[in-house]
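Coordinate analysis (summary)
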Amino acid sequence: MDDNEFIDSVARRTGASAEQATAIARATLTTLAERIDGGQARDLADQLPEGMRAYTFAPHEAAERFGLDVFVERVSGRADVDPELAEIGIQAVLDTIRTATTADEYDDVIAHLPAELWQVADPVPPYDG
């Protein structure tokens, strides 16, 4: 997968323009890099398209601990989109990462996230009885 395919995937999944999808992808990767350990962020970057790698380097080796609300808030602010689109965008980027990386790498990234973010990464349909 190259940079354009990555952005096209995010745009298609969100219904956003290519410019918004680019901003959402970059913001999500930056926030994800803050939320996972530095080594895990580097491993993820190694499997992403070249243009996305710079956004996936963690500012610190130790992960920051924050939940879904802060994750959405950071992506929303960085991408300059409303929180609803930010949350849809986070899911789109995680789905695109799943496609762009090996299953083991994706599982390693998701394992570093709190349970409330797993629902965004792997949404389960509600039980309808």
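As a starting point, this report considers the structure included with it.

1. Some points on the overall build of the chain
In terms of helices and strands, the chain carries eight helices and zero strands. Along the chain, helices and strands appear, N-terminal first, in the series α-α-α-α-α-α-α-α. On C-alpha atoms alone, the chain measures out to a radius of gyration of 13 Å, which is about the 14 Å that the 2.2 N^0.38 rule sets for 129 residues. Structurally, the chain occupies a C-alpha span of about 40 × 30 × 30 Å along its principal axes. For the chain, contacts bridging at least 24 residues in sequence account for 69% of all contacts bridging at least 6. Accessible surface computed for the chain: about 6,600 Å², of which carbon and sulfur atoms make up 48%. Separation between the mean location of the 10 positive side-chain charges and that of the 26 negative ones in the chain comes to 3 Å.

2. Let's talk about helix α2 (residues 18-35)
Taking 1.5 Å of rise per residue, the 18 residues of α2 would be expected to cover 26 Å, and the 25 Å separating its terminal C-alpha atoms lies within 8% of that figure. Of all the residues in α2, the buried ones are A21, T22, I24, A25, A27, T28, L29, T31, L32, A33, E34 and R35. Packed against the buried residues of α2 are α1 (3-14), α3 (38-47), α4 (50-53), α5 (68-79), α6 (83-100) and α7 (103-111).

3. Re the pattern of salt bridges
For the structure shown, the criterion picks out six salt bridges. Among the ionic contacts, a cluster of salt bridges with common partners joins E34, E64, R74 and R78.

4. Quick notes on α5
End to end, α5 covers 16 Å across twelve residues, agreeing with the expected 16 Å (1.5 Å per residue, within 8%). All buried positions along α5 are accounted for by L68, F71, V72, V75, S76 and A79. Burial along α5 is one-sided: seen end-on, the buried residues are contained in an arc of 125°. Facing away from the buried side of α5 by over 90 degrees, the exposed positions are D69, E73 and G77.

5. Thoughts on the packing of α2 against α5
Axes are the key here: two packed helices are described by the angle between their axes and the distance separating the axes. Relative orientation of the contacting elements α2 and α5 amounts to 140°, with a least axis distance of 8 Å. Judged by the inter-axis angle, α2 sits oblique to α5. The two elements α2 and α5 meet at a crossing, and its hand is right-handed. Contacts between α2 and α5 involve A23, I24, A27, T28, T30, T31, L32, E34 and R35 from the former and F71, R74, V75, R78 and A79 from the latter. Taken together, the residues of the contact of α2 with α5 break down into seven nonpolar, three polar and four charged.

Rules used throughout
Residues numbered from 1 in each chain as written. Predicted model: local features only at pLDDT ≥ 70, side-chain atom pairs only at ≥ 80, totals over all residues. Heavy atoms only, no water. Helix = DSSP H or I, 4+ residues; strand = E, 2+ residues; numbered from the N terminus. Rg over C-alpha atoms; globule rule 2.2 N^0.38 Å. Contact = heavy atoms within 4.5 Å. Areas by Shrake-Rupley, 256 points an atom, 1.4 Å probe, with all protein chains shown as cover. Lys, Arg positive; Asp, Glu negative; His and termini not counted. Charge placed at Lys NZ, Arg CZ, Asp CG, Glu CD. Expected span 1.5 Å × (residues − 1). Buried < 20%, exposed > 50% of the residue type's maximum accessible area, 1.4 Å probe, protein only. Salt bridge = Lys/Arg side-chain N within 4 Å of Asp/Glu carboxyl O. Arc of directions from axis to C-beta. Axes fitted to C-alpha atoms, helices over the stretch in contact; angles between N-to-C directions. Parallel < 35°, antiparallel > 145°, perpendicular 65-115°, else oblique. Left-handed = near helix turned anticlockwise from the far one by under 90°. Nonpolar A, V, L, I, M, F, W, Y, C, P; charged D, E, K, R; others polar.

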